[in-house]
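One letter stands for each residue in the lines below.
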Amino acid sequence: MIEARWHVRALIACNAIALLLLASWRWPPARLLWDRLDSEAFRLMNAPLANSAAWAQVWGVCNMRPVDLGFGLILLCFLVKGNWIFPAAQVRRALYAFLAVLLLLLLIRAGPLAELVKVMHWQRASPSLTVDGAVRLTELFPGWARDWHMKDASVRSFPGDHASVLLLWAMFLSPFASGWRRWLIWGLAVVFMLPRLVAGAHWLSDILVGGVFLALIAAGWGLYTPYAAKACSLFERFATPVLQFLGRLPGLRQISLFSGR
């Protein structure tokens, strides 16, 4: 499933697409189109919040931190449910590989990409903070914002970190899924990105440029080099004994992640 060898063509393709996408965002004529797309997308998604209290409540709930945790559990289920995306015997290795590539994404984001964004002055505030007349969910529902940590704004919106993780998850699972399962994976990734866009916490290009760039770089260097396979071996050494021990507990022995079958 995860091989300890170089896939040079796939690695070059991931990096080339990521760099071309970023270049299109920085090239002035194309940047005008990106900026127009950002403005139009934000207007179309955010303005209806002012016209319907029920619609605003839906997206208010979707932007709560506990709901983010719920989304995360759904993503995890796709990785650890045996014989659905991965054969039961490969579930542990699939989870180890994804965690390894996710760690790589976080290191790239916190290190070289963060420094590049700072040096090149690419950082910007979210549309909810810069567009006149933007509907703020935290202002519509101040009690929810206080109690449930709603997010509808960011002074550093580029790139879309939340979206990059969702995109990485979908990219990781796609080669192993087929038919309606692949469509479901990408459908969920898109749906789970929408709350931040509707609320104005990110511009669309934060996701389509920043999030895709970060996910492609991490996927390329994580999955198409020996990195993931070597990281899996390390995880197996330390995590598998713990999972095997937990698999002896009632209720957990039927779960592929713990039972190994």
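Provided above is the structure to which this section pertains.
The present account deals with the structure reproduced in this document. Keep in mind that this is a model prediction, so the values were computed, not measured.

## Some details on the packing of helix H1 (residues 8-26) against helix H11 (residues 204-223)
Where H1 meets H11, the closest approach of the two axes is 8 Å, and the angle between their N-to-C directions is 160 degrees. Overall, the two elements H1 and H11 adopt an arrangement that is roughly antiparallel. In this structure, H1 crosses over H11, and the sense of that crossing is left-handed. Contacts between H1 and H11 involve Leu11, Cys14, Asn15, Ile17, Ala18, Leu19, Leu21, Leu22 and Trp25 on the former and, on the latter, Ser205, Leu208, Val209, Val212, Phe213, Leu216, Ile217, Gly220 and Trp221. In terms of residue class, the contact of H1 with H11 is made up of 15 nonpolar, 3 polar and no charged.

## Focus on the environment of Thr225
Tracing the backbone shows Thr225 in the loop between H11 and helix H12 (227-246). The class for Thr225 is buried, based on a relative accessible area of 4%. Note: C-alpha distance between Thr225 and Asn63 (162 residues apart in sequence) is 36 Å. Ignoring anything within four residues of it in the chain, the contact list for Thr225 reads Glu3, Arg5, Trp6, Leu11 and Gly220. Here the side chain of Thr225 touches Trp221 through a polar contact of 2.5 Å, landing on its backbone oxygen.

## Side note on the nonpolar core
Formed by 62 residues in total, the largest nonpolar core has its most connected members in Leu79, Phe86, Leu168, Trp169, Phe172, Leu173 and Ile185. When residues of this core are traced back to their parent elements, those giving at least two are H1, helix H2 (28-46), helix H4 (65-80), helix H5 (91-119), helix H9 (161-173), helix H10 (180-199), H11 and H12. Residue contributions to this core peak at 13 residues, all from H5. With near-sequence residues (within four places) excluded, Trp169 lies in contact with Leu75, Phe78, Leu79, Phe98, Ile185, Leu188 and Ala189. Core analysis: the second largest hydrophobic core is formed by 12 residues, Cys62, Met64, Val135 and Met150 among them.

Each value, and the rule that gives it
For every chain, the first residue of its written sequence is number 1, and the numbers climb from 1 along that sequence. Totals for whole chains, interfaces and linings use all residues, but because this is a predicted model, local features are given only for residues with pLDDT of at least 70 and pairs of side-chain atoms are given and counted only at 80 or more. Side-chain descriptors were evaluated using all non-hydrogen atoms of the structure, hydrogens and water having been removed beforehand. Where helices are involved, their axes are fitted lines through C-alpha atoms of the stretch in contact, as for all axes, and angles between N-to-C directions lie from 0 to 180°. In this text, helices come from DSSP runs of H or I with a minimum length of four residues, and strands from runs of E with a minimum of two, each type numbered from the N-terminal end. Convention used here: angles under 35 degrees read as roughly parallel, angles over 145 as roughly antiparallel, angles from 65 to 115 as roughly perpendicular, and any remaining angle as oblique. Handedness of each helix crossing follows the sense of rotation of the near helix against the far helix: counterclockwise by less than a right angle gives left-handed, clockwise gives right-handed. Any pair of residues with heavy atoms lying within 4.5 Å of one another is described as a contacting pair. Three classes are used: nonpolar for Ala, Val, Leu, Ile, Met, Phe, Trp, Tyr, Cys and Pro, charged for Asp, Glu, Lys and Arg, and polar for all others, with Gly counted as polar. Burial classes follow relative accessibility: with a 1.4 Å probe on protein chains only, a residue under 20% of its type's maximum area counts as buried, one over 50% as exposed, and anything between as partly exposed. We call two N or O atoms a polar contact when they sit within 3.5 Å, provided that within protein one can donate a hydrogen and the other can accept it, with sequence-adjacent residues counted only if both atoms are side-chain atoms. Buried residues of nine kinds, namely Ala, Val, Leu, Ile, Met, Phe, Trp, Tyr and Cys, make up a nonpolar core once their side-chain atoms join them within 4.5 Å.

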